[in-house]
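Okay, here's what each chain looks like letter by letter:
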Amino acid sequence: MTRRVAVTGIGAISAFGHTYPDLWAGLAAGRSAIRPLTLVPPGALRFPNAAEVPDFDPLRHFEEKEAQMLDRFAQFAAVAAREAIKSSGIEFSRELGERTAIILGCSGGGKSTEDDGFYHLYALKEPRVSPLTIARAMSNAGASRVSFEYGITGPVFTVSTACSSANHSIGQAFRMVRSGEVEIAIAGGSEAPLSTGFLKAWEAMRVVAPDTCRPFSIDRRGLILGEGAAVLILEPMERALARGATIIGEIVGFGMSSDAHHITQPSAVGAARAMRAGLLDAELDPDAIGYVNAHGTGTLANDVTETEAIRSAFGAHAQKLLVSSTKSMHGHTLGAAGALEAAATLGALQCGLIPPTANFTAADPACDLDVVPNTPRAAQVEFAISNSFAFGGLNAVLVFRKSA
Amino acid sequence: MSEDLISRVTGVIAKTQKIPPETVTIDKSFEELNIDSLDGINILFALEGEFDVDIPDDAARGIRTVREMVEGIEKLLAAKSQAAESPQ
């Protein structure tokens, strides 16, 4: 059985606000949500900025007892899933819950929960940590939380492949719906990495920009970390049409590859292979693609390598592609990155508007694609891809189609 | 550039890279020593500990040889001792 897979719901919580319309409004305006960090003490880090979710009060979303059971990343997952499910109009019966999957990406799990616990242990010399530490910090806590809220009793799991987590999750969910293994999939990713201990580890890697994220610019100085979650509802096209659902867009292909090369250095060969695999899965020629939502981290290495990979996968058509990095606006949200970028890509197809690469200053000759600098671009595009390339050399590319 | 400084820097590089100290000489490039980008930041981290200095990202970015690394540390140590001598 091979079925077409429609996206019928989206939820997102990001530095732009607590809903998908907030995210899309920001991206469509080409506005960057990168701001001074408030979640860690000032001066603790070499970099002062991040893409923080603003004004997040868990008690607006959860009972007090529930809130204390959930790390911030799991709270984000639940908030985004609720919006996605509500917007899809799906009501989960017991039977449908058994035929539904939840696959949510998460790279780090409950980093601030661990950080707090270990601070009490090592700094305050307390002899114990909270008994909720494990349940809060495990990377699947977000997926499990969503399963409880909606009685989803089918396959529920988390994929943790660093910055490709959400693309691997959505891709796997897409294949399970396409093959008929499940009827509905709730898929995406969430991450809340802005705790002092974890940010110190990023600082030591020397890949975080001291100013802002400027993908593909000659003076880019690194990535900017962000937090949030995005969730998509996937269902067979036939089912969506039969129930009169709004079709936001379609997922038509998914490609994966591994570099088998280096734990942190990217490889153009591996990245290009994932893009080609995605096109093959979608049964599309390279020239069918109009837009690439780039991995586009803003590091020196990624942007050059990704440019080379896009040129390799698309050949002469690369010159005609619109390529943008929305990480310049919502930050690099690690395990949520592919999910926020799927939401951005679906918005671009649906609205005929390409979100730009913000904070762009001047072109780097080694990144010589049309990167849609600073200003959103009106363009009717039928097919788009969204790239995610993770530390560890794990690449995942989703292929999207505009709703008919 | 003192012999003591050179030997401390090359010693840190050798220890971090798990290679014999005599292989790390002042005229070697990182490429010759098989030092990649991740090894490089690991060495910077170890040097910050060894010399109690803060090596800014921008200063570290262009370093490709042992000599450049020693020169960089020398500059940071000079700035540190100047800061310690000047009145607050």
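Note that the coordinates shown come from a computational prediction; the quantities given were computed from them, not determined experimentally.

## Topic: the overall build of chain B
Reasoning step 1: Secondary structure assignment for chain B yields four helices and zero strands.
Reasoning step 2: When the helices and strands of chain B are read in sequence order from the N terminus, they spell out α-α-α-α.
Reasoning step 3: The C-alpha radius of gyration of chain B comes to 13 Å, within 12% of the 12 Å expected for a compact globule of 88 residues.
Reasoning step 4: Its C-alpha atoms give chain B principal-axis dimensions of about 45 × 25 × 20 Å.
Reasoning step 5: A burial count over chain B gives 17% of its 88 residues as buried.

## Overview of helix α5 (residues 111-123) of chain A
Spacing of three or four residues puts side chains on the same side of an α-helix, whose turn is 3.6 residues.
Residue and element names in this part refer to chain A.
Reasoning step 1: With 13 residues, α5 extends 17 Å between its outermost C-alpha atoms, agreeing within 8% with the 18 Å of an ideal straight helix rising 1.5 Å per residue.
Reasoning step 2: Within the sequence span of α5, burial applies to K111, S112, T113, E114, D116 and G117.
Reasoning step 3: The elements touched by buried residues of α5 are α3 (72-88), α6 (133-137) and α9 (196-205).
Reasoning step 4: With its phi angle positive at about 60 degrees, K125 sits one or two positions after the end of α5.

## Here we look at the sheet that holds strand β4 (residues 100-105) of chain A
Residue and element names in this part refer to chain A.
Reasoning step 1: Here ten strands make up an open sheet; going across it, the order is β5-β4-β6-β7-β1-β8-β14-β13-β9-β10 and the pairing mixed. Every other strand in the sheet has two partners, leaving β5 (156-159) and β10 (322-324) as the edge strands with one partner each. Neighbour-to-neighbour, the strand axes of this sheet turn through a mean angle of 25 degrees, independent of strand direction.
Reasoning step 2: The pairing of strand β8 (residues 249-258) with strand β14 (residues 394-402) spans nine bridges and is classified as antiparallel. Among the inter-strand pairings, G249 is bridged to a residue of β14, identified as K402.
Reasoning step 3: Packed onto the sheet, helix α11 (residues 268-282) meets β8, β13 (383-390) and β14 and runs at close to 140 degrees relative to β8.

## A few points about the interface of chain A and chain B
Reasoning step 1: The interface is formed by seven residues belonging to chain A together with seven residues belonging to chain B.
Reasoning step 2: Looking at the side of chain A that touches chain B, its residues break down into three nonpolar, two polar and two charged.

## Notes on the domain arrangement of chain A
Many descriptions give the size of an interface as the accessible area lost when the pieces come together.
Residues and elements named next belong to chain A.
Reasoning step 1: On domain assignment, one finds that chain A holds domain 1 (5-242) and domain 2 (253-402).
Reasoning step 2: Using C-alpha coordinates to define each centre, domain 1 is positioned 21 Å away from domain 2.
Reasoning step 3: Of the residues lining the interface, 63 residues belong to domain 1; the matching set on domain 2 comes to 57 residues.
Reasoning step 4: Only β1 (5-13), α1 (20-28), α8 (165-179), β6 (184-191) and β7 (228-236) provide two or more residues apiece to the side of domain 1 that touches domain 2.
Reasoning step 5: Per-element accounting of the side of domain 1 that touches domain 2 gives the leading share, eight residues, to α8.

## Digging into the nonpolar core
Residues and elements named next belong to chain A.
Reasoning step 1: Counting 129 residues, the largest nonpolar core has A77, A80, A185, I186, L234 and A343 as its most contacted members.
Reasoning step 2: When residues in this core are grouped by element, the largest group, ten residues, is from α3.
Reasoning step 3: The residue makeup of this core includes at least three contributed by each of domain 1 (5-242) and domain 2 (253-402).
Reasoning step 4: If sequence neighbours within four positions are ignored, A80 has contacts with G11, A12, I13, G188, S190, A229, A230 and V231.

## Description of the packing of α11 of chain A against helix α12 (residues 300-314) of chain A
All names here are of chain A.
Reasoning step 1: Taken N-terminus to C-terminus, the directions of α11 and α12 make an angle of 45 degrees; their axes are 8 Å apart at the nearest point. Relative to α12, the element α11 is oriented oblique. Handedness of the crossing formed by α11 with α12: right-handed. Here α11 contributes A268, A271, A272, M275 and R276 to the contact with α12, which in turn contributes T305, E306, E308, A309, S312 and A313.
Reasoning step 2: For the contact of α11 with α12, a count of residues per class yields six nonpolar, two polar and three charged.

About the criteria used
- Residues numbered from 1 in each chain as written.
- Chains lettered and ligands numbered in written order.
- Predicted model: local features only at pLDDT ≥ 70, side-chain atom pairs only at ≥ 80, totals over all residues.
- Helix = DSSP H or I, 4+ residues; strand = E, 2+ residues; numbered from the N terminus.
- Rg over C-alpha atoms; globule rule 2.2 N^0.38 Å.
- Buried ≥ 20, exposed ≤ 12 C-beta atoms within 10 Å, placed from the backbone.
- Expected span 1.5 Å × (residues − 1).
- Contact = placed C-beta atoms within 7 Å.
- Pairing = 2+ DSSP bridges.
- Axes fitted to C-alpha atoms, helices over the stretch in contact; angles between N-to-C directions.
- Nonpolar A, V, L, I, M, F, W, Y, C, P; charged D, E, K, R; others polar.
- Domains from an automatic or database assignment.
- Core = buried A, V, L, I, M, F, W, Y, C linked by C-beta atoms within 7 Å.
- Parallel < 35°, antiparallel > 145°, perpendicular 65-115°, else oblique.
- Left-handed = near helix turned anticlockwise from the far one by under 90°.

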